[in-house]
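Below, each chain spelled out in residue letters.
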Amino acid sequence: MEPVLTLASFASALPMGPQTYEENIASRAQAAVGDGVRVERALVRSLRSELPGTARLPGAVLRGTAPGARRAAGHWLYRGSAVVHRMGLSMPPAPVPEVVTVHDTVSWLFPDEAAPEPFAAEETRRAEAVIAVSKFSADDIAERFGLDGVHVVHNGVAQRYFRIPPLSEEKRTDLGIRGRFVLHAGGATARKNLEGLASAWTRVRSACPDVQLVMCGPPAERRDRLFGPLDGVVRLGRVPDDVLPGLMAAASAVVVPSLHEGFGLPALEAMACGVPVVAADRAALPEVCGGAAWLVEPDGPGIADGLVHVLEDGPGVSERVSAGRVHASGFTWEASAAGHARVWRTLMGGSLG
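Going by an unreviewed UniProt entry, the protein chain carries the name Glycosyltransferase family 1 protein and comes from Isoptericola chiayiensis.

Q: How should I be thinking about the packing of aromatic side chains in this particular structure?
A: Between two aromatic rings, the relevant description is the distance of the centres plus the angle of the planes. Summed over the entire model, instances satisfying the criterion amount to two aromatic pairs. Between Trp-108 and Phe-145 the ring centres are 5.2 Å apart and the planes differ by 75 degrees, which places this aromatic pair in the edge-to-face class. Highlighted residues: Trp-108 in helix 4 (residues 106-109) and Phe-145 in helix 6 (residues 135-145), separated in sequence by 37 residues. Judged by relative accessible area, which is 27%, Trp-108 ranks as partly exposed.

Q: Would you take a moment to explain the pattern of salt bridges for this structure?
A: Pairing between side chains of opposite charge can happen when the charged atoms of each approach one another. One pass over the full model with this rule turns up 17 salt bridges. As a salt-bridge pair, Glu-123 and Arg-86 come within 2.8 Å of each other at their nearest N and O atoms. Note that Glu-123 is positioned in helix 5 (residues 120-126) and Arg-86 in strand 4 (residues 83-86), a separation of 37 residues in sequence. Taken individually, Glu-123 and Arg-86 each receive the classification buried, so the pair is uniform in this respect. Ionic pairing is found between Glu-261 and Arg-191, a salt bridge with its closest N-O pair at 3.5 Å. Here Glu-261 is found in the loop between strand 11 (253-256) and helix 12 (265-273), whereas its partner Arg-191 is found in the loop between strand 8 (181-185) and helix 9 (194-207), with 70 residues between them in sequence. Salt bridges here are not isolated pairs; linked through shared partners, they connect Arg-70, Arg-86, Glu-98 and Glu-123.

Q: Which parts of the structure should I look at to understand the side chain of Lys-192?
A: Within the fold, Lys-192 resides in the loop between strand 8 and helix 9. Take Lys-192: its relative accessible area is 12%, and that puts it in the buried class. Only 2.7 Å separates the side chain of Lys-192 from the side chain of Glu-261, close enough to count as a polar contact. Dropping the residues within four chain positions of it, Lys-192 is found in contact with Gly-187, Pro-257, Ser-258 and Glu-261.

Criteria and cut-off values
Residues numbered from 1 in each chain as written. Predicted model: local features only at pLDDT ≥ 70, side-chain atom pairs only at ≥ 80, totals over all residues. Heavy atoms only, no water. Phe/Tyr/Trp six-rings, centres within 6.5 Å; stacked < 30°, edge-to-face > 60°. Helix = DSSP H or I, 4+ residues; strand = E, 2+ residues; numbered from the N terminus. Buried < 20%, exposed > 50% of the residue type's maximum accessible area, 1.4 Å probe, protein only. Salt bridge = Lys/Arg side-chain N within 4 Å of Asp/Glu carboxyl O. Polar contact = N/O pair within 3.5 Å; in protein donor to acceptor, adjacent residues only side chain to side chain. Contact = heavy atoms within 4.5 Å.

Set out below in structure tokens:
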């Protein structure tokens, strides 16, 4: 009988970056790990959730319960597994060799993020392998949890971003977009630095009065408060997955002003679309952008200077856009899955026969 590799994650009603990672790796896991291993999913929901999944667990087991109850839940959830990959820290620990993905440490750094997982340090130390999506995050995670080493496996870029046509003018008009625009796609927590972007925007509009700022992401009071009074801002809320790539491809620039990102996928996606990227010179963004973005100080003047340079087609813009497409092409979900598979097969050990 083939040994079973179980990929464990929690079903989310509002998928964001971690869920993009989970789905892309899970859909490629069987092909990446190859023959002799059977890949299964443990997609956990709360007791009353209407989301699709394979199992239900009480919320107390996923957060805040006693360690013994979490271990018992893991024994039940992962029965028959040879290796378990917990793709999120909230999942209960496994009684067999396990891999744990930790995207970043923002829960410990920013009070408006999700509460820190109470057993993170203990359970990552006990895991046979921990995976992070950037070297920056790997070093940060290792220092915070006292780990000897963390595997770095970068995220990928969906191939549709390389060939997507810009969203038509008619569809952009339907969204309230007219003419050139800068796109910000993401959340609105403190680390996303919307204060810096709002400060920059008045300077950008003064230099380029024809340009709009288009913002998409989950509804948030901070975004509304900061950008509601400003001219030239279109707040779209959440944008469907089949619309976002074309919207990004139609932008004159994409801005990622975050103070902390474990990876920063929108920057790579924009590069794949052939769109200039202005990003904060912080956290994982320099690593992920690889010299193909305009890295700026994440304050009003710094962000504004970068955006105005791009919007006015300053020196080096076209060259850096071309370099960005080449750089982004090196980040594929197939390569990411292959990196995961190397870790999985090492842990399978004798189970492979």
